[in-house]
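A look at the structure
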Amino acid sequence: MLKYTLRRVLGMIPMLFLVSVVVFFLAKAMPGDSLSGEIDPTNTNPEYIAEMREKLGYNDPVYVQYYRWVTDFMSGDFGKSTRYKMPVADLIGEKLPNTIFLALTSLLITYVLAFAMGMYSGRKPYTLGDNLIAGFNYAGIAIPSFVAGVFAVYFFAFKLNWFPFAGSVDIEIDKGTIEYWMSRIHHVMLPAFVLGMFSTASYTQFLRNDLIENSRKDFVRTALAKGTPMGKIYNVHILRNSIIPLVTFLGFDIAALVGGAIITEKIFTYPGIGLLFLDSVNNRDYPTVMAITMMLSAMVLIGNLIADILYGIVDPRIRLG
Amino acid sequence: MTTNAATGAVKRTEKSSSPWAIARRKFLRNKLAMASTVFLILVIILTLLAPFLAPHLSPIPDITKVNISKMSIPPNGDHLLGTDKSGRDVMTRLLYGGRISLLVGASATLIVVVLGTIVGSVAGFFGGAVDSLLMRFTDFVLNFPFLVFVIVLNTILFGIVDGLWVLILVIGLLSWGGVARIVRSKVLAEKENEYVLAAISIGTPPAKVIIKHLLPNVLSTIIVQATLLFASLIVAETGLSYLGFGVPQETPSWGNMLAFANEPDVLQGKPWIWMPPALIITATILSINFIGEGLKDALNPKSQR
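Note that the coordinates shown come from a computational prediction; the quantities given were computed from them, not determined experimentally. (Residues numbered from 1 in each chain as written. Chains lettered and ligands numbered in written order. Predicted model: local features only at pLDDT ≥ 70, side-chain atom pairs only at ≥ 80, totals over all residues.)

Examining the overall build of chain A
Formally: Helix and strand assignments come from DSSP, with helices taken as H or I runs of at least 4 residues and strands as E runs of at least 2, each series counted from the N terminus. Residue burial is a threshold on neighbouring C-beta atoms within 10 Å of the residue's own C-beta, all placed from the backbone, with 20 or more meaning buried, 12 or fewer meaning exposed, and counts in between meaning partly exposed. In this description, a residue-residue contact is defined by the distance between C-beta atoms placed from the backbone, which must lie within 7 Å.
For chain A, the helix and strand inventory stands at 12 helices and zero strands. Its C-alpha atoms put chain A at 85 × 55 × 35 Å along the principal axes. Residue burial in chain A is summarised as follows: out of 321 residues, 37% are buried. For chain A, contacts bridging at least 24 residues in sequence account for 71% of all contacts bridging at least 6.

Take a look at the structure:
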């Protein structure tokens, strides 16, 4: 297992290198000084720009510039935001907790709902309840998240007034109090649900099909013949087999949350990394854009790595492949 | 293909149907898929007829001109779906917008299917170093966060190339990884058959083996994938346009129309502006997905229905 994990981690490094090269050249292709953000975009004096370019090393060979950028990036120096005039790292650090909170809530909702619905559907297939859940699943998979999100805001925030329609917390509340956290949870529920809708639907469907398939296996018949009650067979014997593949989805979830967060945060005006990314693109704050791009790409890679490793833990055959 | 099915069969009194005929019959019997097909064809025809229908639908058939006197009118006799914040008829824009959204979806699907099939079949057929090189590259493309890169690329290319084609190219170039993987795995399985060995041994060039012998047998998979991709690429266009990074804003598309929902007063008080595009997007996506599922069922020889 250790060998397999090491191989996977080592396999990720060339990928990370290639991705960073692509991001670097995209940053170079962007107008202005998108790597460090040190050149003042409003100052168009050619002498100033030439001087700054020389000072920042933009006249060095490309590989020197790349090396400098990568080493800076690894040590946490993401350049300076041209819009906020502060280090991008601080800017991201300010918004990141919101996105992580949103992602974790979304994962929690996804797993709880998928588990409950999948268990029900799997135990009682082809009943009314199962069909209703299947209908929900189909909608969850087919309806684009931004359409669902827009409708969710319209109905649950505006018409029913159950949830706030924007922000991550009420402004007046003091930090650290219980109300503060209640307000945060209140704000995050709706976006988290929309963000997790797609995975909830696919996990439910997966769990259901797996339960049905496993309930026809020989070990179930054996357990039944020995007089084990059906409830115990489901909860102990079958579930243990069906839950394992579900755990491995966690890695892919991290990758999916990256893209999903951008859209969801936009719909709900939730101040996280996704919204910061969109705002930065709109305001031509390219250092921030490139730092977030690199960060999200790395996160997708790490997500896939986690998925691979979990697969290896669950299914020993994969380790040898 | 027609003869393939009959050769293996024992002598029968009547001629057995070709796989395609069986698939067609299964598909025609699938009510949901048929209803979806009819709906989709209807949508396509209506959007194609937009220039002819527009003058009959509203007194202001111009979809780009701003009419200050007609801003945000709720649905009425003159404007079946009302007008938007710039005084343009929502119904007319919906028809014109459909052309763009469907065009982007279809063109990007074409790019994805062609690229994915070429990469996948070459990798699967040749195997070895070619395979590992191409598949590493595929992994590489699949590892990009799609949305982030489309937005970044769009920002860089904006103004250099015409906006609509930038979008189609960027979506297409970033999405072919999945098709390549599926085609490769199918080709890998298919090339083990003896007729492929026979073809190679009589000196058929690789390109001909792939095109004449392997691809027809992978075609059903590609068709199903293309259908499902069409749906997800329409989602990609509308989603990007909703975020403001898709089709140029002056061009109406379903996503651009839905983007009005970004303004809280429109979202809350003027649902006729954003609801029609939202509903038509959902209905179109759903129907394409149903067609895809129907095709998957129909083209699968093991399925019972």
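Some remarks on the overall build of chain B
On a plain count of helices and strands, chain B comes out with 14 helices and zero strands. Listing each helix as α and each strand as β along chain B from the N terminus yields α-α-α-α-α-α-α-α-α-α-α-α-α-α. When contacts within chain B are restricted to residue pairs at least 6 apart in sequence, those whose partners lie at least 24 apart make up 65%.

Remarks on helix α7 (residues 146–157) of chain B
Put simply, the rule is: Expected span of a helix: the number of residues minus one, times 1.5 Å.
The end-to-end C-alpha distance of α7(B) is 16 Å, a good match for the 16 Å that 12 residues give at a rise of 1.5 Å each. Those residues of α7(B) that sit buried are B:F146, B:L147, B:V148, B:F149, B:V150, B:I151, B:V152 and B:L153. Those residues of α7(B) that are buried lie in contact with α1 (2–29), α9 (230–267), α10 (273–282) and α11 (286–314) of chain A together with α8 (163–175) and α11 (206–243) of chain B.

Here's the deal with the nonpolar core
Quick reminder of the rule: A set of buried residues drawn from Ala, Val, Leu, Ile, Met, Phe, Trp, Tyr and Cys, joined through C-beta atoms within 7 Å, is what defines a nonpolar core.
A:V150, B:V150, B:I171 and B:L258 are the most contacted members of the largest nonpolar core, which has 137 residues in total. The biggest single contributor to this core is α11(B), with 16 residues. Contacts of B:I171, omitting those with residues within four sequence positions, involve B:A108, B:V150, B:L233 and B:A236.

Some remarks on the packing of helix α4 (residues 88–123) of chain A against α11(A)
Residue and element names in this part refer to chain A. Note the following rule: Axes here refer to lines fitted to C-alpha atoms; in helices the fit is confined to the stretch in contact. Angles between the N-to-C directions go from 0 to 180 degrees. The labels follow the angle: roughly parallel below 35 degrees, roughly antiparallel above 145, roughly perpendicular from 65 to 115, and oblique for the rest. Take the far helix as the reference: if the near one is turned anticlockwise from it by less than a right angle, the crossing is left-handed, and if turned clockwise, right-handed.
Running from N to C, α4 and α11 cross one another at 60°; their axes reach a closest spacing of 10 Å. In terms of orientation, α4 lies oblique with respect to α11. You can see that α4 and α11 cross each other, and the crossing is right-handed. Residues V88, L91 and I92 of α4 form the contact with α11, whose own contacting residues are P287, T288, A291 and I292.

Details of the interface of chain B and chain A
This is how the line gets drawn: Each residue gets one label: Ala, Val, Leu, Ile, Met, Phe, Trp, Tyr, Cys and Pro are nonpolar, Asp, Glu, Lys and Arg are charged, and the others, such as Gly, are polar.
Between chain B and chain A, the residue contacts involve 29 residues of the former and 31 residues of the latter. Here the element with the most residues in the side of chain B that touches chain A is helix α14 (residues 271–299) of chain B; it accounts for eight residues. A breakdown of the residues in the side of chain B that touches chain A according to their chemical character gives 22 nonpolar, seven polar and no charged.

Topic: the UniProt feature "transmembrane region" (unreviewed entry) in chain B
Residues and elements named next belong to chain B. So the rule is basically this: UniProt positions are given in the numbering used here, feature names are shortened, and annotations may be inferred rather than shown by experiment.
Residues annotated in UniProt with the feature "transmembrane region" (unreviewed entry) correspond here to residues 32–54, 100–128, 140–158, 164–183, 214–236 and 272–292. The span residues 100–128 shows a helical share of 97% and a strand share of 0%, and its end C-alpha atoms are spaced 42 Å apart. Its end C-alpha atoms 30 Å apart, residues 272–292 is made of 100% helix and 0% strand.

Side note on the environment of B:I223
Residue and element names in this part refer to chain B. Tracing the sequence through the fold places I223 in helix α11. Sequence separation between I223 and P205 is 18 residues, and the spatial gap between their C-alpha atoms is 25 Å. For I223, the residues in contact, after removing those within four places along its chain, are L295 and L299.

Some remarks on the UniProt feature "transmembrane region" (unreviewed entry) in chain A
All names here are of chain A. UniProt marks residues 9–27, 100–120, 132–157, 188–207, 243–268 and 288–314 with the feature "transmembrane region" (unreviewed entry), using the numbering shown here. Structurally, residues 100–120 is divided into 100% helix and 0% strand, and its ends, taken at the C-alpha atoms, are 30 Å apart. Counting secondary structure, residues 132–157 comes out at 92% helix and 0% strand; the distance between its end C-alpha atoms is 25 Å.

Quick word on the UniProt feature "domain: ABC transmembrane type-1" (unreviewed entry) in chain A
UniProt records the feature "domain: ABC transmembrane type-1" (unreviewed entry) for residues 96–307 of chain A in the present numbering. Secondary structure over residues 96–307 of chain A splits into 82% helix and 0% strand, and the C-alpha atoms at its two ends are 22 Å apart.

Considerations on unusual backbone geometry
At A:Y126, a position not held by glycine, the phi torsion is positive, near 65°. With respect to the helices, strands and loops of the structure, A:Y126 is situated in the loop between α4 and α5 (128–142).

Considering the packing of helix α6 (residues 145–159) of chain A against α14(B)
Packing of α6(A) against α14(B) leaves a shortest axis separation of 10 Å and a crossing angle of 140°. Of the possible angle classes, the one that applies to α6(A) and α14(B) is oblique. In terms of crossing hand, the pair formed by α6(A) and α14(B) is left-handed. Residues A:V147, A:V150, A:F151 and A:Y154 of α6(A) form the contact with α14(B), whose own contacting residues are B:P271, B:W274, B:A278, B:I281 and B:T282. Tallied by class, residues from the contact of α6(A) with α14(B) come to eight nonpolar, one polar and no charged.

Details of the environment of B:E190
Residue and element names in this part refer to chain B. Tracing the chain through its elements places E190 in helix α9 (residues 177–190). Assessed through the 19 C-beta atoms surrounding it within 10 Å, E190 is described here as partly exposed. Residues E190 and I100, 90 residues apart in the sequence, show an inter-C-alpha distance of 38 Å.

A short note on the environment of B:A259
All names here are of chain B. Tracing the chain through its elements places A259 in the loop between α12 (254–258) and α13 (264–269). For the pair formed by A259 and T155, sequence separation is 104 residues and the distance between their alpha carbons is 18 Å. The contacts of A259, once residues within four sequence positions are left out, are S241, Y242 and G244.

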